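Architecture and fold: a report
The residues making up each chain are set out below.
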Amino acid sequence: MFSPEFIEANPQEVADIGLAAHGLSVVELRRKSVGSKWEYVRGGARNRRITGMTEFTVDGPAAGHELLKTAEDPTGTKVLGTLGNCAGGFTPWGTVLSGEENFDGYFNGPVTNNEAQERIGYADEPTARGWEKFHPRFDLRNEGYVNEGNRFGWIVEIDPEDPTSTPVKHTMLGLSLIHI
């Protein structure tokens, strides 16, 4: 996406753009008739980005658990962003689900005295993205951020029809390896 020269000269801008580029998009489409070509609706009321900085509500049995609390969220009920989105689909009630995967590569570690995070295997070296240089939550060794990695690896739910709705991370449907 960027030349090596741009990356070297603008590391924080590259990190911030990377966070904005991760996530999901809701895109409004239309077509004139069945079988005709779909067209993107510029300025559509539903169009929006769900990024690595979008606030999510945590629900399910892990919401508020000690292993989800961080310096930025002492309640353990709100998470910034979604990372590593993969398979998903529509629910019968019209929302969209997406699974977060491969989230370990976004965080610098390691974490000690945390069996679940040791199993995940956070590397004790800078990440390829370098977000931890500018956003302390991506370095699990920083005071108050040891649990940040636990906040990813879940099923996320987006309401594509309501651009004002807050996305949700479902801890009852999650993929995360933490033991609660």
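Above this note sits the structure.
In what follows, the accompanying structure is described. (Residues numbered from 1 in each chain as written. Predicted model: local features only at pLDDT ≥ 70, side-chain atom pairs only at ≥ 80, totals over all residues. Heavy atoms only, no water.)

1. Some words on the nonpolar core
Of all hydrophobic cores here, the largest spans 23 residues; its most connected members are L83, Y106, F107, W131 and F138. Every element with two or more residues in this core is listed here: α2 (11-21), β1 (24-26), β5 (55-59) and β9 (155-158). Once residues within four sequence positions are removed from consideration, F107 is found in contact with L83, Y122, A123, T127, R137, F138, L140, E148, G149 and F152. (Core = buried A, V, L, I, M, F, W, Y, C linked by side-chain atoms within 4.5 Å. Buried < 20%, exposed > 50% of the residue type's maximum accessible area, 1.4 Å probe, protein only. Helix = DSSP H or I, 4+ residues; strand = E, 2+ residues; numbered from the N terminus. Contact = heavy atoms within 4.5 Å.)

2. Looking at the environment of A9
Position of A9 among the secondary structure elements: in helix α1 (residues 4-9). Spatially, the C-alpha atom of A9 lies 30 Å from that of G144, the residues being 135 residues apart in sequence.

3. So, α2
V14, A15, G18 and L19 are the residues of α2 that are buried. Burial along α2 is one-sided: seen end-on, the buried residues are contained in an arc of 135°. Downstream of α2 by a residue or two, G23 has a phi angle that is positive, lying close to 120°. (Arc of directions from axis to C-beta.)

4. So, the pattern of salt bridges
This structure, assessed with the given rule, holds nine salt bridges. The partner of K169 in a salt bridge is E100, with the nearest N and O atoms 2.8 Å apart. You can see K169 sitting in strand β10 (residues 168-170) and its partner E100 sitting in strand β8 (residues 96-100), a full 69 residues away along the chain. We note that K169, like E100, is buried. E148 serves as the salt-bridge partner of R151, at 3.3 Å between the closest nitrogen and oxygen. Overall, E148 belongs to the buried group, its relative accessible area being 2%. (Salt bridge = Lys/Arg side-chain N within 4 Å of Asp/Glu carboxyl O.)

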